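So the chains spell out like this:
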Amino acid sequence: MWKWRSAGIIALASVCGAGLAQQRPRAEEPSHAIEQGARAGEQPGPAAGLTSQLCRIDIKGDKKDQWMRLPKAESSVTQHRLNAGGKSFDYTATAGTLIIRDDEDKPTASMGYIAYTRHDLKGARPLMFAFNGGPGSSSLWLHMGVLGPKRVVVSDPGPTPAGPYRTVDNEFGVLDRSDLVMIDPVGTGVSHAVCDHRDDEFWAVDPDIDSVSRFIAQYVSDNNRWTSPKYLLGESYGTTRGAAIVNYLRARRSFAFNGLILVSVATDIEAIFAELPGNDRPYAVYLPGYAAVAWYHHMLPNQPTALEPFLTEVRAYAMGPFTAALLKGDALGDADREAVAQKMHEYTGLSVEYLKAANLRVSEIAFAHELLKAQRKTLGRLDGRFVGPTMDPLEKYTDYDPQSSAISAAFAAAFLDYYHGELRFGQGSTYRTTNSGVGEHWKWVHKTEHGEQPMVNSGVDLAEALVKDANLRVLVLNGYYDLATPFSATEYVMAHLGLPPGLGARIDMKYYEAGHMMYVHPPSMARMKRDLDAFIDSTARP
């Protein structure tokens with residue numbers, strides 16, 4: 001049985017099922033790794049000699065021999081051409097590591113990344129930084145799913161057939177509009193602590209924000225991109241990270257982003273973590289999300305014809321009578337409890353008896369287990385359109401995610417083949433696609449100017465950034481069938497940022513008929529591309 005911590009932590013990653021993949025050297029190809037300072041078309045970073053000295057300063061006692069294992073930035077620079085969807089252009093790919101440093105310029109971590117740049121266009125090209133979430137997820141999901149110039153082909157909404165898997169030029173990527181840098185936080189990909197630091201020092205809200213912020217600022221400096229229009233895109237826990245980073249860099253570096261893109265929002269963790277003692281907020285904001293999934297599977301007793309008008313009705317009930325019933329707690333009378341259970345049955349397809357037994361409070365992993373239990377089927381938590389066989393119908397919660405099981409192997413295999421092959425990097429090292437150890441040890445405390453939060457809500461950071469940066473725009477992407485970060489929870493969170501009047505107009509909400517990773521659904525991927533293009537075009541001023 002999943003408890004709230006394991007359920008929330010692991011499922012905030014885009015895909016939970018892929019573990020870490022061991023990399024092997026490719027005997028037929030030599031390594032093309034070069035010093036960071038020698039990248040083609042880029043400005044040199046810190047000299048390796050200086051990095052060596054800085055690292056040796058920190059070595060103590062019996063660790064003096066560590067100077068022989070320098071935190072050396074490495075990269076492989078390769079040239080490519082994209083031909084897809086009527087687009088044809090050349091681009092440079094840089095797969096490598098960047099050594100981030102503390103305020104005394106001492107190395108603290110080696111962070112892996114993959115950058116794509118075009119040099120055939122004049123002017124300051126937009127630059128997008130992107131990452132997934134977890135905590136503990138690498139960036140390969142967004143990378144190979146939608147943003148990068150290559151895309152893995154997966155089935156939707158069913159299991160992807162066994163290998164060999166297929167990778168194609170991606171006509172839906174962002175490279176025609178923006179250069180792109182995919183970042184792997186410490187503990188994921190090939191990113192790790194250096195110079196007597198430990199990986200778990202970075203496994204907390206604030207150290208994670210700091211380390212990724214340092215990476216972004218250093219990359220911009222090393223590559224002379226300060227005047228480029230800049231964008232930050234995060235998915236799932238990556239939205240928690242991203243909302244905080246825009247404010248962190250604004251306050252500490254006077255670093256401004258043109259736009260923040262939040263995919264499947266998890267900025268207010270408490271609002272989406274069910275089963276925290278005394279926390280009733282998630283149950284009300286889940287309800288429209290449950291209704292959407294039940295509508296998709298035709299499990300409603302009176303199936304509406306169209307989704308959105310139905311959801312408008314459910315939203316009103318969830319924010320009104322249902323919230324009022326939850327607030328009464330144990331004082332809710334029997335007649336009222338019966339009436340609420342009956343209405344929930346109409347909106348979710350769950351039986352009245354089950355809803356009353358659950359005290360009207362159904363977590364997302366309970367809903368995923370219960371809705372199709374009579375058919376012995378389990379719903380995908382990340383995408384409720386996906387279903388798989390139920391192992392034990394007597395359990396209370398689902399014990400796996402059918403969407404993760406359906407696509408993880410294809411994503412991992414396609415990425416690692418591409419990483420080692422076309423990008424010629426990472427041979428002989430371990431690339432962690434998803435590191436569950438990060439989530440298991442994650443510290444959720446977040447310090448803000450308004451006090452310390454025991455459970456992070458980076459909506460506070462986002463609100464401050466919107467108030468203090470008049471140019472910042474926010475694009476929010478939601479999947480109707482996402483049970484992990486429901487669209488209705490996002491609507492609640494965005495309506496509770498505490499913004500002054502008028503500022504909410506700078507937040508644009510988009511919806512897709514898919515789940516957490518809406519880009520696995522081809523029509524939604526095409527719409528996502530159009531929405532990203534329009535957002536960049538409207539905010540990247542000449």
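Each remark here, short or long, concerns the structure printed above.
A. Region of the structure containing the overall build of the protein chain. For the protein chain, the helix and strand inventory stands at 16 helices and 19 strands. Across the 542 residues in the protein chain, those meeting the buried criterion constitute 60%. Taking the contacts inside the protein chain whose residues are at least 6 apart along the sequence as the reference set, 73% of them involve residues at least 24 apart. Looking at the protein chain as shown, the accessible area adds up to about 21,000 Å², and 52% of this sits on carbon and sulfur atoms.

B. Spotlight on the pairing of strand β4 (residues 87–101). With respect to burial, β4 is a largely interior element, eleven of its 15 residues being buried. Summarising the sheet, strand β3 (residues 74–84) and β4 pair through ten bridges and their orientation is antiparallel. Considered in β4, the bridge of Ser 76 is made with Ala 95. In sequence, β3 turns back onto β4 through a hairpin of two residues, with Gly 85 there showing a positive phi of about 60°. As judged from the ten bridges shared by β4 and strand β5 (residues 107–117), these two strands associate in the antiparallel manner. When the bridges of β5 are listed, Ile 99 appears paired with Ser 110. Taking the residues that link successive antiparallel strands as the turn, the β4-β5 hairpin has five residues, and the phi of Asp 105 there is positive, at about 65°.

C. Representation of the nonpolar core within the structure. Core analysis: the largest hydrophobic core is formed by 62 residues, its most contacted members being Phe 129, Phe 215 and Ile 216. Top contributing element to this core by residue count: helix α4 (residues 205–222), with eight residues. In this structure Phe 215 touches Leu 98, Ile 100, Met 111, Tyr 113, Phe 129, Val 181 and Ile 183, once residues within four positions along its chain are discounted.

D. Structural detail: the packing of α4 against helix α5 (residues 237–253). It is the contact of α4 with α5, at a shortest axis distance of 9 Å, that shows an interaxial angle of 65°. Crossing of α4 over α5 shows right-handed handedness. Residues Val 205, Asp 208, Ile 209, Asp 210, Val 212, Ser 213, Arg 214, Ile 216 and Ala 217 of α4 touch α5, and the partners they reach there are Tyr 237, Arg 241, Ala 244, Ile 245, Tyr 248, Leu 249 and Arg 253.

E. Inspection of the packing of aromatic side chains at higher detail. All chains considered together, the criterion is met by 28 aromatic pairs. Seen in terms of ring centroids, Trp 141 and Phe 411 are 5.5 Å apart; in terms of plane orientation they differ by 45°. Their pairing is tilted. Note that Trp 141 is positioned in helix α3 (residues 140–147) and Phe 411 in helix α12 (residues 402–420), a separation of 270 residues in sequence. Given the relative accessible area of 2%, Phe 411 is considered buried. Relative to Phe 257, the ring of Phe 255 lies with its centre 5.0 Å away and its plane at 45°, an arrangement referred to as tilted. In terms of burial, Phe 255 and Phe 257 fall into one category: buried. By the ring-pair criterion, three or more aromatic residues cluster together here, those being Tyr 296, Tyr 480, Tyr 481, Phe 487 and Tyr 511. Across from the ring centre of Phe 89, 3.9 Å away, lies the NZ or CZ of Arg 118, which sits over that ring. Sitting over the ring of Phe 131, Arg 241 keeps its end group 5.0 Å from the ring centre.

F. Expanded view of the pattern of salt bridges. Applying the stated criterion across every chain yields a total of 32 salt bridges. Where Asp 105 meets Arg 101, a salt bridge forms, and the shortest distance between an N and an O atom there is 3.3 Å. Owing to a relative accessible area of 41%, Asp 105 belongs among the partly exposed residues under this scheme. The class for Arg 101 is partly exposed, based on a relative accessible area of 22%. A salt bridge links Arg 125 to Asp 179; the shortest N-O distance between them is 3.0 Å. Taken together, the residues Arg 125 in the loop between β5 and β6 (127–131) and Asp 179 in strand β9 (residues 179–183) connect sequence positions 54 residues apart. Assessed through its relative accessible area of 8%, Arg 125 is described here as buried. Bridged by salt links that share partners, the residues Asp 176, Arg 177, Lys 529, Asp 533 and Asp 537 form one connected network.

G. Fine view of unusual backbone geometry. A cis amide bond links Gly 134 with the next residue in sequence, Pro 135, at an omega value of -5°. Counting through the fold element by element, Pro 135 comes out in the loop between β6 and α3. Each neighbour pair has its own omega, and for Gly 163 with Pro 164 the value is 10°, a cis peptide bond. Relative to the helices and strands, Pro 164 is located in the loop between β7 (150–152) and β8 (167–169). At Ser 236, a position not held by glycine, the phi torsion is positive, near 60°. When you line up the elements, Ser 236 lands in strand β11 (residues 230–236). Its identity as a non-glycine residue notwithstanding, Arg 376 has a phi of 50°, on the positive side. Secondary-structure assignment places Arg 376 in the loop between α11 (364–370) and β13 (377–379).

H. Fine view of the environment of Thr 323. Assignment of secondary structure puts Thr 323 in helix α8 (residues 307–328). Since its relative accessible area comes to 23%, Thr 323 is described here as partly exposed. Measuring from C-alpha to C-alpha, the distance between Thr 323 and Tyr 283 comes to 8.5 Å, with 40 residues separating the pair along the chain. Once you skip the residues sitting within four places of it in the chain, Thr 323 turns out to touch Ala 284, Tyr 317 and Ala 318.

I. Here's a closer look at α4. Here α4 is 18 residues long and its end C-alpha atoms lie 26 Å apart, about the 26 Å a rise of 1.5 Å per residue gives. For α4, a buried count of 15 out of 18 residues is recorded, marking the element as mostly surrounded by other parts of the structure. Downstream of α4 by a residue or two, Asn 224 has a phi angle that is positive, lying close to 55°.

J. Highlighting the side chain of Ser 458. Its location among the elements puts Ser 458 in the loop between β17 (451–453) and α14 (459–468). A residue is classified by how much of its surface remains accessible, and Ser 458, at 0% relative accessible area, is buried. At a separation of 3.0 Å, a polar atom in the side chain of Ser 458 contacts the main-chain carbonyl oxygen of Thr 240. Once residues lying within four places of it in the same chain are set aside, the contact partners of Ser 458 are Thr 239, Thr 240, Ala 243, Ala 244 and Thr 267.

The rules behind each value
Residues numbered from 1 in each chain as written. Predicted model: local features only at pLDDT ≥ 70, side-chain atom pairs only at ≥ 80, totals over all residues. Heavy atoms only, no water. Helix = DSSP H or I, 4+ residues; strand = E, 2+ residues; numbered from the N terminus. Buried < 20%, exposed > 50% of the residue type's maximum accessible area, 1.4 Å probe, protein only. Contact = heavy atoms within 4.5 Å. Areas by Shrake-Rupley, 256 points an atom, 1.4 Å probe, with all protein chains shown as cover. Pairing = 2+ DSSP bridges. Core = buried A, V, L, I, M, F, W, Y, C linked by side-chain atoms within 4.5 Å. Axes fitted to C-alpha atoms, helices over the stretch in contact; angles between N-to-C directions. Left-handed = near helix turned anticlockwise from the far one by under 90°. Phe/Tyr/Trp six-rings, centres within 6.5 Å; stacked < 30°, edge-to-face > 60°. Lys NZ or Arg CZ within 6 Å of the ring centre and 35° of its normal. Salt bridge = Lys/Arg side-chain N within 4 Å of Asp/Glu carboxyl O. Expected span 1.5 Å × (residues − 1). Polar contact = N/O pair within 3.5 Å; in protein donor to acceptor, adjacent residues only side chain to side chain.

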